[in-house]
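Reading the structure
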Amino acid sequence: MVSENPFKSILKTLEKPDGGEFGKYYSLPALNDPRVDKLPYSIKILLESAIRNCDEFQVKSKDVEKIIDWENTSPKQVEIPFKPARVLLQDFTGVPAVVDLACMRDAMNNLGGDSNKINPLVPVDLVIDHSVQVDVARTENAVQANMELEFQRNKERFAFLKWGSNAFHNMLVVPPGSGIVHQVNLEYLGRVVFNTDGMLYPDSVVGTDSHTTMIDGLGVAGWGVGGIEAEAAMLGQPMSMVLPGVVGFKLSGKLRNGVTATDLVLTVTQMLRKHGVVGKFVEFYGEGMSELSLADRATIANMSPEYGATMGFFPVDHVTLQYLKLTGRSDETVSMIESYLRANKMFVDYSEPQIERHYSSNLQLNLEDVEPCVSGPKRPHDRVPLKEMKADWHSCLDSKVGFKGFAVPKESQAKVAEFNFHGTPAQLRHGDVVIAAITSCTNTSNPSVMLGAAVVAKKACELGLEVKPWVKTSLAPGSGVVTKYLLKSGLQKYLNQLGFHIVGYGCTTCIGNSGDINEAVASAITENDLVAAAVLSGNRNFEGRVHPLTRANYLASPPLVVAYALAGTVDIDFDTEPIGVGKDGQKIFFRDIWPSNDEVAEVVQSSVLPDMFKATYEAITKGNPMWNQLSVPSGTLYSWDPQSTYIHEPPYFKSMSMSPPGPHSVRDAYCLLNFGDSITTDHISPAGSIHKDSPAARYLIERGVDRRDFNSYGSRRGNDEVMARGTFANIRIVNKLLGGEVGPKTIHVPSGEKLSVFDVAMRYKSEGHDTVILAGAEYGSGSSRDWAAKGPMLLGVKAVIAKSFERIHRSNLVGMGIIPLCFKPGQDAETLGLTGHERYTINLPGSVSEIRPGQDVTVVTDNDKSFTCTLRFDTEVELAYFDHGGILQYVIRNLIHAKH
């Protein structure tokens, strides 16, 4: 089946500039094919991978030809295999991945296979980062206090990952407290070019977090995939993907004074959302590139999921090489990277004439046109220019409930809530800021915006401005390097003075780990039905994500987070209204505290030094005392503890046999939930706090877990019992079966009873009924959360019928054996007159050989309605997964058959 590589004739030796060899590589110029020269750089990475891995079995010569002929093949939605160079996990997704690997070893063992075959075949980098809840803020010792609480809560999870790092080969685990996965990837893990046993090839990575795309700013092709797909990639399976179109995005000019990289990324996000880039690569080029630091590029690349692209790619150039040196990569490594990429025509040298590349479509932006802005109050692509913020806020208060509306009656808009804060009388109004967080991988890796925030803090402190004591302020850097340069600059003390103490190194407010707000503040909000605001330097602001009590959430640059914290409200026109009153009683305006670009650049130049990166990352793999003291069992098979509420053996392989079960039809299914547009993976499988009245809370209390030890859903992703109960448990979910009522409940159609989604799903299962979900556009947008597919599968959902799917979520549904169907253009549940009270039948052929990717399928209801949908199995490989009942079952059976 497997043959020798048919491209061995283009295997060349790369010489070192001073003699000797770097190693061998597959030379793209040696193909002598003029089509290769015009390929976008991002497509060349797919091409090199296909050539290097070509064995005429998993990757075939015809796949290589499809990629070379990209200009003609990409509009035709052709399928190609892709083998990434490595896989990136963070702990929230790493735990279920290691649980699944441990489970697969057990299944392999039970079926008579060699369980030790279940091992990562490509390097796996697992960064334990998503575990900083802001319990303690506005104090000097916040980092240690939060870290101790995290270890108390997550000891079992951390110990399990430590066991995995010993039990599985080829897995590097970066201990907790080191930083956010994407910043660690950018500053330390990213190889740019691999040299494995003398074979050179471009670094490429798939990660189980949608913001894996941040690494695209470094010229490393990387994007988010579901945990399910990542596990298959780890086990040597090629990823099946549709050869993407590439949007060429030309940048010119330079940013105006006072405009930040965050303003740029929010502008780019809005432009690309409007253009439509789902399933495509975006490749940036043009003379404006020389004006963008690597950190600025990484900020833009990071938000690819928010503009909907698979990647936002910046090819390697001199700016990349400078950053590699700054971050402590050795001169020898940087020389190897440059030599390889130049030899393979994958390096951009702007001092040379540029070959015109072919792109599927084109966009351009003059950087001088970017203006200060924020995004919100409920979606990352709803950009609001700063000068229009006050008017936009009042429009949101007036407008009906929706992405840009809160429907607050006119007579209530000026309401003032009086409350008592630690003995001092205080007031809250609509739009008052109660959370202000400098957080998130998007911005904390960018020294210009981080030090920009610190300069704003310094100016504010010198003028005598203060942040109200009830605003929950926090600063969560993405790596220890940030702390080093803030201290070196002498500016951390001003951030501390305003309450922006460092609370930990990891994802915090942006993922919902904002912790509690003061009880008096919470009561004032709920008792007066106030629309309170959070301002954060994050990338996601979906309703219910940041904090249950902040209905308005705005994404902003770190310096703007400080400005809004000082103002205390988003209901302000920074041009005309003062931000506060200074120590001499004078009014202080936004312009008085806002630094020039030169001011910030000067501080960056003197404060961000290569030694900081070296010192931070030399210590990173040594761990910390709390990690090093964790004792873990040895052995390659895991000893499951049935009493554990963190790590539990899931039922995926319980009744698995050697033969695939074949495709399943759906008969007389009830509709479990009926949704509108933009249902996110946060709605489907929340990562944040576990509500006290939820089925998951009930489960934990029954097992003796105190409410204060509930932790978050994200931290309990290793326990399927908790996660199944947490599916569709978002308190802000809107289910049309409830007639617009907000909350995690649904109707049991036969009885008409209103219960939690989990309880209704279990009742349907016990009655032997299948269920389906109806949805609108962009179903499954947001984080690449595998539990948003695993959870519905455990609830008994057999199909999701939507207007459109987010890319990663659709592939996750396929990986778990759920059928994704799309309504035909112009149709949806409403136009077809579907209420969700019908029963649904979806007939599929009994043999997978009779099903075609993307074919039409008829859906019939019990009240004689019939409509046609598109079957969203997009490739032959996805059909094979469906035939096996899921991707993991497919991998196990293949590994067992490979033995024979």
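For the structure itself, look to the data block above.
So, how was this worked out
Residues numbered from 1 in each chain as written. Predicted model: local features only at pLDDT ≥ 70, side-chain atom pairs only at ≥ 80, totals over all residues. Heavy atoms only, no water. Buried < 20%, exposed > 50% of the residue type's maximum accessible area, 1.4 Å probe, protein only. Helix = DSSP H or I, 4+ residues; strand = E, 2+ residues; numbered from the N terminus. Salt bridge = Lys/Arg side-chain N within 4 Å of Asp/Glu carboxyl O. Phe/Tyr/Trp six-rings, centres within 6.5 Å; stacked < 30°, edge-to-face > 60°. Lys NZ or Arg CZ within 6 Å of the ring centre and 35° of its normal. Pairing = 2+ DSSP bridges. Axes fitted to C-alpha atoms, helices over the stretch in contact; angles between N-to-C directions.

**Describing helix H7 (residues 181-189)**
- H7 sits mainly inside the fold: eight of its nine residues count as buried.
- Residues of H7 that are buried: Val181, His182, Gln183, Val184, Asn185, Leu186, Glu187 and Leu189.

**Considerations on helix H20 (residues 558-567)**
- For H20, the buried fraction is high: ten of the ten residues fall into the buried class.
- Within H20, burial applies to Pro558, Pro559, Leu560, Val561, Val562, Ala563, Tyr564, Ala565, Leu566 and Ala567.
- Backbone geometry just downstream of H20 places Gly568 in the positive-phi region, at approximately 80°.

**Some remarks on the pattern of salt bridges**
- Applying the stated rule across the entire model yields 47 salt bridges.
- Notably, a salt bridge pairs Arg35 with Glu65, separated by 2.9 Å at the nearest N-O pair. Of this pair, Arg35 sits in helix H1 (residues 34-37) while Glu65 sits in helix H3 (residues 61-68), and the two are 30 residues apart along the sequence.
- Each member of the salt-bridge network shares a partner with another, and the members are Asp33, Arg35, Glu65 and Asp69.

**Some remarks on the packing of aromatic side chains**
- In this structure the tally under the stated criterion is 29 aromatic pairs.
- Geometrically, the ring pair formed by Phe675 and Tyr779 is stacked, given 6.4 Å between the ring centres and 25° between the ring planes. You can see Phe675 sitting in the loop between strand S26 (666-674) and helix H25 (681-684) and its partner Tyr779 sitting in the loop between strand S29 (771-774) and helix H29 (787-794), a full 104 residues away along the chain. No difference in accessibility class separates Phe675 from Tyr779, as the two residues are buried.
- Sitting over the face of the ring of Tyr41, Arg357 holds its NZ or CZ atom 4.1 Å from the ring centroid.
- Here the guanidinium or amino end of Lys790 rests over the ring plane of Trp787, the centre of that ring lying 5.4 Å away.

**Brief notes about the sheet that holds strand S9 (residues 204-207)**
- Strand order in this open sheet of five strands is S6-S5-S4-S9-S10, and the pairing throughout is parallel. In this open sheet, the two strands that pair with only one neighbour each are strand S6 (171-174) and strand S10 (221-224). Put simply, the sheet's adjacent strands are angled 20° from each other on average, direction ignored.
- One ladder, built from four bridges, connects strand S4 (residues 86-90) with strand S5 (residues 124-127); its direction is parallel. Bridge pairing in S5 places Leu88 opposite Asp125.

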